[in-house]
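Read off the chains here:
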Amino acid sequence: MLNDRENILVALREKPLKVYEVMKRANVVNEEACQSLLLKMRDEGLVKFDIHKGRWLIG
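What comes next is a walk through the structure.

### Concerning the pairing of strand β2 (residues 55-58)
Consideration 1: As paired elements, strand β1 (residues 47-50) and β2 share 4 bridges and run antiparallel to each other. Pairing of K48 across the sheet is with L57, part of β2.
Consideration 2: Hairpin connection, β1 to β2: the antiparallel pair is bridged by 4 residues, and G54 has positive phi, about 75 degrees.

### Describing the environment of I51
Consideration 1: By secondary structure assignment, the location of I51 is in the loop between β1 and β2.
Consideration 2: Residues I51 and I8, 43 residues apart in the sequence, show an inter-C-alpha distance of 19 Å.

### A word on helix α3 (residues 31-43)
Consideration 1: Here α3 spans 18 Å end to end across 13 residues, near enough to the 18 Å set by a 1.5 Å rise per residue.
Consideration 2: Considered for burial, the residues of α3 that qualify are C34, L37, L38 and M41. Down the axis of α3, the buried side of the element spans an arc of 100 degrees, and every buried residue falls inside it. Away from the buried face of α3 by more than 90 degrees, exposed residues E32 and D43 are located.
Consideration 3: By the N-cap criterion, in which a side-chain oxygen at the helix start approaches the backbone nitrogen of a residue two or three places on, α3 is capped by N30, the distance to E32 being 3.1 Å.
Consideration 4: Within two residues after α3, G45 carries a phi angle of roughly 85 degrees, on the positive side.

### A short note on the packing of helix α2 (residues 19-26) against α3
Consideration 1: Contact geometry of α2 with α3 gives a least axis separation of 10 Å together with a crossing angle of 100 degrees. Here α2 is positioned roughly perpendicular relative to α3, judged by the angle of their axes. Between α2 and α3, the contacting residues are V19, V22 and M23 on the first element and E31, C34, Q35 and L38 on the second.
Consideration 2: Partitioning the contact of α2 with α3 into residue classes produces 5 nonpolar, 1 polar and 1 charged.

Here is what the cut-offs are and how they apply
- Residues numbered from 1 in each chain as written.
- Predicted model: local features only at pLDDT ≥ 70, side-chain atom pairs only at ≥ 80, totals over all residues.
- Heavy atoms only, no water.
- Pairing = 2+ DSSP bridges.
- Helix = DSSP H or I, 4+ residues; strand = E, 2+ residues; numbered from the N terminus.
- Expected span 1.5 Å × (residues − 1).
- Buried < 20%, exposed > 50% of the residue type's maximum accessible area, 1.4 Å probe, protein only.
- Arc of directions from axis to C-beta.
- Polar contact = N/O pair within 3.5 Å; in protein donor to acceptor, adjacent residues only side chain to side chain.
- Axes fitted to C-alpha atoms, helices over the stretch in contact; angles between N-to-C directions.
- Parallel < 35°, antiparallel > 145°, perpendicular 65-115°, else oblique.
- Contact = heavy atoms within 4.5 Å.
- Nonpolar A, V, L, I, M, F, W, Y, C, P; charged D, E, K, R; others polar.

It is worth stressing that arrangement in space is one thing and function is another; only the former is reported here.
This is how it looks when you write it as structure tokens:
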């Protein structure tokens, strides 16, 4: 789980990404797990979601 968090942050450092793009770059196979992790990270203030573009970015 911790490794997935690090991989997601590394993937988002380059540019804002959609969930599917985050999954591909961070090598997370389960979409539900990826979304759940992104939501937890959003609650912690690590990432943000741009509702207008539908992309995740570093918070």
